[in-house]
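The lines below spell out each chain.
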Amino acid sequence: ADAGTTDIRLVKEQFAQEFECDFVGSINTLISAAKLKAMPFKAPVEVRQHLDIYEQPKDGKAYVIVVDVSHGEELDYSAFSVVDASQIPYKQVAKYRSNSIAPMLYPSIIHDVAKKYNDAYVFIEINDIGQQVADIMHYDLEYENMLMVTQRGRAGQCLGGGFGAGQSQLGIKTTQKVKQVGCLNLKNAIEGD
């Protein structure tokens, strides 16, 4: 995979030099083209099967894993990001991405990485098959640091540990509004360095 990525990067660089252009996206991207161009590329310090590690876990740090689940039929990707949430700015320290992992096997991978990263808090998108992954993590693997959401009617979904009034669920159902808020927060975080 590294050779293929390197080959693509070399072709883009040669093309860009010959035709004096850049591959940074169009004007209608979520993140501005100028910011995308200015963002540094950081190579992983370790690559395992579908897992890129940019920074090894450190004692005393708090980590959060945000999980997206697919069907594992090579159409869409199951992916997660491990984020060091100990200090601002937050930093991505690892990422997993596979389009062939079966949803029944995915929780074990999440669990292993979460344990490695100081019992990281895990937040799973539970649309479609994601609910099954969250249930396996919580009930079968008995992972305790699952982030939950409480339904608050018109106030929407509120992140928490599953305590208090209202009906709590493991993970979050992503609605159009949730995606919009998430994308705007991501845009602000990246463009605000």
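Remember, it's a predicted structure, so these values are computed and weren't measured experimentally.

Conventions we followed
Residues numbered from 1 in each chain as written. Predicted model: local features only at pLDDT ≥ 70, side-chain atom pairs only at ≥ 80, totals over all residues. Heavy atoms only, no water. Salt bridge = Lys/Arg side-chain N within 4 Å of Asp/Glu carboxyl O. Helix = DSSP H or I, 4+ residues; strand = E, 2+ residues; numbered from the N terminus. Buried < 20%, exposed > 50% of the residue type's maximum accessible area, 1.4 Å probe, protein only. Contact = heavy atoms within 4.5 Å.

Thoughts on the pattern of salt bridges
Phase 1 of the analysis: Using the criterion set out here, one finds 8 salt bridges in the structure.
Phase 2 of the analysis: Between Asp52 and Lys95 there is a salt bridge, with the nearest N and O atoms lying 2.8 Å from each other. Taken together, the positions of Asp52 in strand 2 (residues 51–53) and Lys95 in strand 5 (residues 91–98) put the pair 43 residues apart, joining distant regions of the chain.
Phase 3 of the analysis: You can call Asp52 buried: its relative accessible area is 15%.
Phase 4 of the analysis: Taken together, the salt bridges that share partners define one network made up of Glu55, Lys58 and Lys91.

Re the environment of Gln157
Phase 1 of the analysis: Inspection of the secondary structure assignment puts Gln157 in strand 8 (residues 157–160).
Phase 2 of the analysis: Taking the C-alpha atoms as reference, Gln157 lies 9.9 Å from Gln169; in sequence the two are 12 residues apart.
Phase 3 of the analysis: Not counting residues within four places of it along the chain, the set of residues in contact with Gln157 comprises Val149, Thr150, Gln151, Gln169, Ile172, Lys173, Thr175 and Val178.

Points about helix 3 (residues 106–116)
Phase 1 of the analysis: Of all the residues in helix 3, the buried ones are Tyr106, Pro107, Ile110, His111, Val113 and Ala114.
Phase 2 of the analysis: Contact partners of the buried residues in helix 3: strand 2, strand 3 (63–68), strand 4 (78–84), strand 5, strand 6 (121–124) and helix 4 (130–140).
Phase 3 of the analysis: One or two steps after helix 3, the chain reaches Asn118, where phi turns positive at roughly 55°.

Quick look at unusual backbone geometry
Leaving glycine aside, a negative phi is the common case for residues, and trans is the common case for peptide bonds.
Phase 1 of the analysis: Cis peptide bonds are those with omega within 30 degrees of zero, and the linkage from Ile88 to Pro89 qualifies with 5°.
Phase 2 of the analysis: Within the secondary structure, Pro89 is located in the loop between strand 4 and strand 5.
Phase 3 of the analysis: The phi dihedral of Glu74 is positive, around 60°, even though this residue is not glycine.
Phase 4 of the analysis: On the secondary structure map, Glu74 appears in the loop between strand 3 and strand 4.
Phase 5 of the analysis: Residue class for Glu74 comes out exposed when judged on its relative accessible area of 56%.
Phase 6 of the analysis: For Asp119, which is not a glycine, the phi torsion comes out positive at approximately 55°.
Phase 7 of the analysis: With respect to the helices, strands and loops of the structure, Asp119 is situated in the loop between helix 3 and strand 6.

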